[in-house]
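Topology and contacts: notes
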Amino acid sequence: MNETVVGSLPLTVTLDVSDIPLGYGGRVIMWVFTFIMCISIPLNAAIMAACFYRGFNSPMLMYIALSSLADTLFGVVTTSCYFSRIIARRKIISFNECLVQLFTGHCTLFQQFLTTWLMYVDRHWAIFWPYSYVALMVNKGGAVKLAIVVLTIGLLLGVSYVIVPTTMVYCNYSVVVRDTGCASSSVSRSACGNVNPALIYSLFFQCIVYGLTGFTALYSTWCIVRKCRKSSTEANRKALHTCFTQLFASSAQFISLIAIIMMKRFLRIPTFDFILLLMSSVTPALVNPLIFGLRMQEIRSTIGLVFRKMQVIHHEKPFDLGLIVNPENDNLEKKKVKITKFEFLRM
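Now for a quick tour of the structure. Just so you know, these numbers come straight off a predicted model, no measurement behind them. (Residues numbered from 1 in each chain as written. Predicted model: local features only at pLDDT ≥ 70, side-chain atom pairs only at ≥ 80, totals over all residues. Heavy atoms only, no water.)

We now examine the environment of T79. By secondary structure assignment, the location of T79 is in helix α2 (residues 59–86). With residues up to four places along the chain from it excluded, the contact list for T79 reads M30, T34, M37 and V282. (Helix = DSSP H or I, 4+ residues; strand = E, 2+ residues; numbered from the N terminus. Contact = heavy atoms within 4.5 Å.)

Moving on, we come to the pairing of strand β3 (residues 174–177). The two faces of β3 differ: V175 and V177 on one face are buried, but S174 and V176 on the other face are not. In the sheet, strand β1 (residues 12–15) pairs with β3 via 4 bridges, with the strands oriented parallel. Residue pairing in the sheet places L15 in a bridge with V177 of β3. (Buried < 20%, exposed > 50% of the residue type's maximum accessible area, 1.4 Å probe, protein only. Pairing = 2+ DSSP bridges.)

Strand order in the open sheet formed by 3 strands is β2-β1-β3, with mixed pairing between adjacent strands. Strands at the two margins of the open sheet, each flanked by one partner only, are β2 (92–94) and β3. When strand polarity is set aside, the average angle formed by the axes of neighbouring strands in this sheet is 30 degrees. Each of β1 and β2 touches helix α3 (residues 95–128); the most contacted strand, β2, lies at about 85 degrees to it. (Axes fitted to C-alpha atoms, helices over the stretch in contact; angles between N-to-C directions.)

This part covers the state of the cysteines. Tallied over the entire structure, the rule returns 2 disulfides. Between C98 and C182 runs a disulfide, and the two sulfur atoms are separated by 2.0 Å. Taking the torsion about the S-S bond as the criterion, the C98 to C182 disulfide, at about -120 degrees, is left-handed. With a gap of 84 residues between them, C98 in helix α3 and C182 in the loop between β3 and α6 (184–189) connect regions that are remote in the sequence. One disulfide in the model links C171 with C192; its S-S distance is 1.8 Å. Disulfide C171-C192: the torsion about the S-S bond is 115 degrees, which places it as right-handed. Residue C171 is found in the loop between α5 (142–166) and β3, and its partner C192 is found in the loop between α6 and α7 (195–228); the two are separated by 21 residues along the sequence. What connects to what in the chain, once the bonded cysteines are numbered by sequence position, is 1-3, 2-4. Distance from the sulfur of C81, which forms no disulfide, to the nearest cysteine sulfur (C182) is 7.8 Å. (Disulfide = S-S within 2.5 Å.)

Here it is, written out as structure tokens:
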């Protein structure tokens, strides 16, 4: 292989997945997780529609809608990378496409965790500093401003993960990335110069985002439980309910992340790594809308209301009863009558 340093960025990227089962079993696993992801898309769409239907009348509904959007986009991005390599068998992609995968994957991943962090900050602030919270949220549009800040941070981090690979030195115009798609660590290992700073940068900001979200979740949960567990007021009961709802939702992210780290560190079984990576991609998108839909009263009642309206519309759709004879008419006048199903059931 030619090890001469090239003066520009690579032109193509070869995705080497020799450790991943690409036979019949691997394709079946991929189709199963693709089907799960297809199910999760309308579930998250229903959650976002319910929040929009309520007019985002509370900051938490806005954050839940953003969280559902981030979960869906992350699942779609990562699953499409796996699908393209394993099912479509696209082995060679352009370096520009690799950079797009880097941006979309890391940007949506950071948005997942940062939105979760924002939800914990919102609840903690509302419970322990209610007056300043109400003043900011009501009078100054604080919820929208906080959401914009978080989205901007995630966007800038995603852009930085595109810039870093362009600063590395490559030895060929075609590099080999040992993964199903372009991730920061795998792309960094394909270079032959300026690799360590890129790896340190990637790991540093990932640890910052994961650690900040995890610490905030644990600390806020502990404080809220300690404050509200002995109180019987409606506000404190609702705070506890919302707190545990957020904890269940964030657990789907951290459990899969910890499982991947432990699996890669101790077992190093390629098939299990493959399955765990797919699970980490689709689990938040599948589990979180079920958690929010079942535990958040505002979302649950909205979805139920829409469902009942759809039933009423279906029952009120007119249908033909056929020809009815009018006995008061000697000519046996026949006329066609249409009534609704609801009226028919009341006859």
